[in-house]
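# Commentary on secondary and tertiary structure
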Amino acid sequence: MLSPVTSARRRLIAAVGVVLGWLSAGLAAESQPDDLLGRGEYLFRAAGCGNCHTDTDNGGEFLAGGYALDTPFGTFYSPNITPHSEYGIGAWSEQDFMRAMKAGVAPDGTDYFPVFPYTSYTGLTHGDLRALKAYLFSVPPVAAPNRRHDTLPGLRRGLWLWKLLFFTPKVAKAPPDADPAWARGAYLATAAVHCGECHTPRNRLGAMIDSLYLAGTRDGPEGKSVPNITPDRTTGIGRWDHDDLTFYLKTGGTPDGDYAGGLMAEVIDNGLKHLTQADRAAIATFVLSLPAIERRVAESPETRKPRDEFEY
Amino acid sequence: MSHTVTQSWIRIVWVAGALVWGAVATAAEPEDIIKYRQSVMKSVGGHMGALTQIVRGKVEYPDDVQYHVESIARSMKTVLSLFPVDSDFGETRALESVWSKPDDFKKVAEAAAIAAGDLVQAYSKSSADIGEKFEALGEACKACHKDFREEDK
């Protein structure tokens, strides 16, 4: 039987819990929309889904797929992720969606190629993924069939082995004593924005080399080189301070007056620009906390301009 | 009669020769145009970088703002002339699309020139209130770089 003191204390704890819950809900609302669709759209932008799933250059319809990604393993065509029941993902259950995003497995049980960055999305929370699915199911369905990937022969047969070697499903979890802004930035950068998928060099089998996280690569998407964005002063962005990086993530403007172009401009225009200032600052906090890796991305030091010079 | 014909011919050859020589002498080498283009764009970038520090309140050089915004606007006014045909090879990050989609290029380049002009106007109205137009100009820079400049080389 409960003593009056214990039950009073319980009521107090419950009341504090309610207040804390209310407070944190308030904070959450300040940092991102709190309705399901709004939250889904916010995550959609952070994750940049539209950049690959819309074939913008060829006038493709929103999220109807068909964008060609040339890789050393062949050409992949992004699939239709509109809620069309036949050609899109309209017939997917919530479980199908979770399995695709977190485990890289299609509803029919086949594995996805890691050109679809489930290697990063695996860290997304169920709450965010539910919201993302709700958002994706709110866009107009498009009756556009998927195009077959044009890969090296036998690639699909080796996929299970690749996943066994290089893929671990995970839940995003910051160390319990982590600074909340850092933790938020780590979550956004690694799971949603998936910076590493382009900025981290890959091994011969196309898996990201974890020890060179964000250290840049010559073999980025579309065969372009992608800069080292670790805080190394000579080969990375070590001369940028937190404000510089936060400003860049919003505007594309670098401290030396240059402006982002190419795919990064798309990432900013379609995504990062629409995040809250607090979230951009959080991403900057996380990126600048990473180990500085000295690594030149250009062909040779002779052809490489110093970072503070740029060419038009 | 044959005398005047000869004279006319001499004159024609002379004039034609002068024209050809003039054309050769005045047509800049594409490499030089590329170098010039890069220098102009770098100077625009330099002014933008300087403005970035001022607009974000990192440094205080209020007397320099006019110089920066006007320099950018002057360079941007003639930016299209920096991309003549034939200046599309070698050490340049200008993408083929500059010349294969000239109408699209013209649109974004002119938009950048207009944005630079707007910034000058905003400054002349209120020297303290240029943040919004500055951001709009940055957007215009990015819009052009997005489709017409190679990201990294």
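All of these numbers come straight from a predicted model, not from anything done at the bench.

## Quick word on the overall build of chain A
- Each helix and strand counted, chain A has 12 helices and 3 strands in total.
- For chain A, the proportion of contacts with a sequence separation of at least 24, taken over those separated by at least 6, is 62%.
- Carbon and sulfur atoms provide 58% of the accessible area of chain A, an area that totals close to 16,200 Å².

## Let's talk about helix H2 (residues 30-55) of chain B
- With 26 residues, H2 of chain B should cover 38 Å at 1.5 Å per step; its first-to-last C-alpha distance of 36 Å lies within 8% of that length.
- At the exit of H2 of chain B stands Gly-57 of chain B, carrying a positive phi of roughly 75 degrees.

## Thoughts on the interface of chain B and chain A
- At the interface, 28 residues of chain B touch 30 residues of chain A.
- For the pairing of chain B and chain A, the buried interface totals around 2,600 Å² over both sides, and the portion due to carbon and sulfur atoms is 49%.
- Across the contact surface, chain B and chain A share 8 salt bridges.
- Across the pair Glu-139 of chain B and Lys-273 of chain A runs a salt bridge whose closest N-O atoms are separated by 3.1 Å.
- Mapped onto the side of chain B that touches chain A, the elements with two or more residues apiece are H2 and helix H6 (131-148) of chain B.
- Looking at the side of chain B that touches chain A element by element, the count peaks at 9 residues for H2 of chain B.
- Taken together, the residues of the side of chain B that touches chain A sort by class into 5 nonpolar, 9 polar and 14 charged.

## Re the environment of Arg-233 of chain A
Residue and element names in this part refer to chain A.
- By secondary structure assignment, the location of Arg-233 is in the loop between helix H9 (196-199) and helix H10 (242-251).
- For Arg-233, a relative accessible area of 57% gives the class exposed.
- Residues Arg-233 and Pro-107, spaced 126 residues apart in sequence, show a C-alpha to C-alpha distance of 46 Å.
- Sequence-distant contacts of Arg-233, defined by excluding residues within four places in its chain, comprise Gly-238 and Arg-239.

## Side note on the nonpolar core
- Phe-97, Met-101, Leu-124, Leu-132, Leu-136, Leu-245 and Ile-283 of chain A are the most contacted members of the largest nonpolar core, which has 50 residues in total.
- Residue assignment for this core shows that the elements contributing at least two residues are helix H2 (36-47), helix H4 (94-103), helix H5 (118-121), helix H6 (126-136), helix H8 (180-192), H10 and helix H12 (277-288) of chain A.
- Membership of the second largest hydrophobic core comes to 34 residues, among which are Val-40, Phe-83, Leu-137 and Ala-140 of chain B.

## Quick look at the confidence of the model for chain A
All names here are of chain A.
- With 85% of its residues at a pLDDT of at least 70, chain A reaches an overall mean of 88.
- For chain A, per-element mean pLDDT is lowest for helix H1 (residues 4-31), which scores 42, and highest for H12, which scores 98.
- This stretch, residues 1-30, has a pLDDT under 50; its non-local contacts, to residues over four places away or in other chains, come to 4 contacts.
- Scored below 50 in pLDDT, residues 300-309 makes 16 contacts in the model with residues more than four places away or belonging to other chains.

## Re the domain arrangement of chain A
All names here are of chain A.
- As far as domains go, chain A holds domain 1 (1-22 + 177-300) and domain 2 (23-171).
- Between domain 1 and domain 2, the contact holds 28 residues from the first and 27 residues from the second.
- Joining domain 1 to domain 2, the criterion identifies 0 salt bridges.
- Put simply, domain 1 and domain 2 have 11 residue pairs in polar contact (both at pLDDT 80 or more) between them.
- The element best represented in the side of domain 1 that touches domain 2 is H8, accounting for 5 residues.

About the cut-offs
Residues numbered from 1 in each chain as written. Chains lettered and ligands numbered in written order. Predicted model: local features only at pLDDT ≥ 70, side-chain atom pairs only at ≥ 80, totals over all residues. Heavy atoms only, no water. Helix = DSSP H or I, 4+ residues; strand = E, 2+ residues; numbered from the N terminus. Contact = heavy atoms within 4.5 Å. Areas by Shrake-Rupley, 256 points an atom, 1.4 Å probe, with all protein chains shown as cover. Expected span 1.5 Å × (residues − 1). Buried area = accessible area lost by both parts, 1.4 Å probe. Salt bridge = Lys/Arg side-chain N within 4 Å of Asp/Glu carboxyl O. Nonpolar A, V, L, I, M, F, W, Y, C, P; charged D, E, K, R; others polar. Buried < 20%, exposed > 50% of the residue type's maximum accessible area, 1.4 Å probe, protein only. Core = buried A, V, L, I, M, F, W, Y, C linked by side-chain atoms within 4.5 Å. pLDDT = per-residue confidence, 0-100. Domains from an automatic or database assignment. Polar contact = N/O pair within 3.5 Å; in protein donor to acceptor, adjacent residues only side chain to side chain.

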